[in-house]
Amino acid sequence: MGAVLEVLANFIFPPHCPVCQAYVPQRGGWCQDCLTVTLRPHRLPLDPAMLSALDAAWALGSYHGTLRGLIHRLKYQRQRSVLPAMQTLLTAASPWLSQEIVPCAMAVPVPLYAAKERERGFNQAELIFQEWLLKNGWQWRRALQRRRATLPQYGLAAEARAQNMRGAFLAAADAAVQGSDVLLVDDILTTGSTLFAGALALRAAGARSVRALVLASDRQ
Ligand SMILES: [Zn+2]
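This report concerns the structure included in the present document. (Residues numbered from 1 in each chain as written. Predicted model: local features only at pLDDT ≥ 70, side-chain atom pairs only at ≥ 80, totals over all residues. Heavy atoms only, no water.)

Comments concerning the coordination of the zinc ion
Rules: Only N, O and S atoms count as donors, using a 2.8 Å limit from the metal and a wider 3.2 Å limit for Na, K and Ca, and since water is excluded some coordination spheres may look unfilled. Square planar and octahedral assignments, for four and six donors respectively, both demand that opposite donors be over 155 degrees apart and that all other angles lie between 65 and 115; tetrahedral needs four donors with all angles between 85 and 135 degrees, and anything else is irregular. Helix and strand assignments follow DSSP, with helices taken as H or I runs no shorter than four residues and strands as E runs no shorter than two, numbered in order from the N terminus. Each residue is assigned to one of three classes by its accessible area relative to the maximum for its type, calculated with a 1.4 Å probe on protein chains only: buried under 20%, partly exposed between the two thresholds, exposed over 50%.
Looking at the zinc ion, one finds its protein donor set to be Cys17 (SG), Cys20 (SG), Cys31 (SG) and Cys34 (SG), positioned 2.3 Å from the metal centre. Coordination geometry of the zinc ion: the 4 donor atoms subtend angles of 97 to 116° at the metal centre, consistent with an arrangement described as tetrahedral. Taken in chain order, the donor set of the zinc ion reads C-x2-C-x10-C-x2-C. One end of the pair, Cys20, is in the loop between helix 1 (3-12) and helix 2 (32-38); the other, Cys31, is in the loop between helix 1 and helix 2, with 11 residues separating them in the sequence. Judged by relative accessible area, Cys20 falls into the partly exposed class, the value being 40%. A relative accessible area of 19% means that Cys31 is categorised as buried.

Side note on the nonpolar core
This is how it is decided: Among buried residues, those of type Ala, Val, Leu, Ile, Met, Phe, Trp, Tyr and Cys that are joined through side-chain atoms within 4.5 Å constitute a nonpolar core. An automatic or database domain assignment provides the domain bounds reported here.
With 40 residues, the main nonpolar core has Leu60, Met86, Phe129, Trp132, Leu133, Leu213 and Leu215 as its most contacted residues. Mapped by element, the contributors of at least two residues to this core are helix 2, strand 2 (56-62), helix 4 (65-76), helix 5 (83-92), helix 6 (94-100), helix 8 (124-135), strand 7 (181-189) and strand 8 (209-217). In terms of residue count, helix 5 provides more of this core than any other element does, 5 residues in total. Two domains each put at least three residues into this core: domain 1 (1-38) and domain 2 (41-217).

Quick look at the packing of helix 9 (residues 158-165) against helix 10 (residues 193-204)
Heads up, the condition is: Each axis is a line fitted through C-alpha atoms, and for a helix only the stretch in contact is used; angles between axes span 0 to 180 degrees, taken between their N-to-C directions. Note on terminology: angles under 35 degrees are roughly parallel, angles over 145 are roughly antiparallel, angles of 65 to 115 are roughly perpendicular, and the others are oblique. Left-handed describes a crossing whose near helix is turned anticlockwise from the far helix through less than a right angle; right-handed describes the clockwise counterpart. Any two residues whose heavy atoms approach within 4.5 Å at even a single point are treated as in contact. For this classification, the nonpolar set comprises Ala, Val, Leu, Ile, Met, Phe, Trp, Tyr, Cys and Pro, the charged set comprises Asp, Glu, Lys and Arg, and every other residue, Gly included, is treated as polar.
It is the contact of helix 9 with helix 10, at a shortest axis distance of 9 Å, that shows an interaxial angle of 30°. Looking at the two axes, helix 9 sits roughly parallel to helix 10. Handedness of the helix 9/helix 10 crossing: right-handed. Residues Arg161, Ala162 and Met165 of helix 9 form the contact with helix 10, whose own contacting residues are Ser193, Thr194 and Ala197. A breakdown of the residues in the contact of helix 9 with helix 10 according to their chemical character gives 3 nonpolar, 2 polar and 1 charged.

Describing the pairing of strand 8
For the record, the criterion: When DSSP finds at least two bridges between two strands, those strands are taken to pair. Handedness is read with the strands pointing away from the viewer; a crossover is right-handed when the path from the first strand over the helix to the second is clockwise.
In terms of residue burial, strand 8 counts as a mostly covered element, since 9 of its 9 residues are buried. Bridging between strand 2 and strand 8 involves 6 bridges; their strand directions are parallel. Within strand 8, the position partnered with Gly61 by the bridge is Ala216. Pairing geometry for strand 7 and strand 8, over 8 bridges, is parallel. Paired with Asp186 across the bridge in strand 8 is Val214. Read from strand 7 through helix 10 to strand 8, the crossover connection turns out right-handed.

Below, the structure written as structure tokens:
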């Protein structure tokens with residue numbers, strides 16, 4: 001947006017905090033209180049089965065309330081207007097990222113099935129994370145492909161979710177992950193079966209380690 005247009009837009013639609021609606025100086029900004037409550041980067045507990053493919057996993061906050069609302073608006077209502085608020089959250093988390101998840105290596109987004117991505121118009125993991133990770137020194141590679149359409153995970157019980165995702169991913173022909181330390185990124189982690197299936201495919205293609213980073217998780 002041009003500078004003049006931005007001033008005009010901010011005058012007509014003043015930017016506000018995505019939680020409490022308080023006015024903030026910049027589009028995508030949060031008030032300090034809501035940012036502090038929402039941004040809770042933490043390491044996720046993983047059960048032994050999960051640890052057979054995933055070395056570690058982190059989330060930037062909890063999958064309820066504010067973050068859940070922002071993610072749903074992006075995924076299901078295709079509201080890209082929530083992205084600046086997400087970017088601000090990630091920027092605030094940058095010191096944590098560079099301390100906790102080292103070394104910077106290769107980041108890989110969990111892919112959607114091609115037809116699904118065409119229908120949605122984007123891959124949310126890519127919209128959320130790509131710019132921020134590149135800025136923080138990571139390589140970005142679309143190293144995974146989804147081999148088949150899967151059912152939406154949210155309607156399924158845990159065992160059915162694992163079944164639904166089994167063998168869903170394949171490393172891309174040009175993935176070149178052999179010997180690499182990979183950070184798999186997605187919008188959410190709930191049962192973890194999607195990230196687990198992605199990690200298995202990356203390991204099958206020779207990745208040395210696979211860690212995961214999501215925007216939100218309901219695991220504490
Ligand atoms: Zn607020």
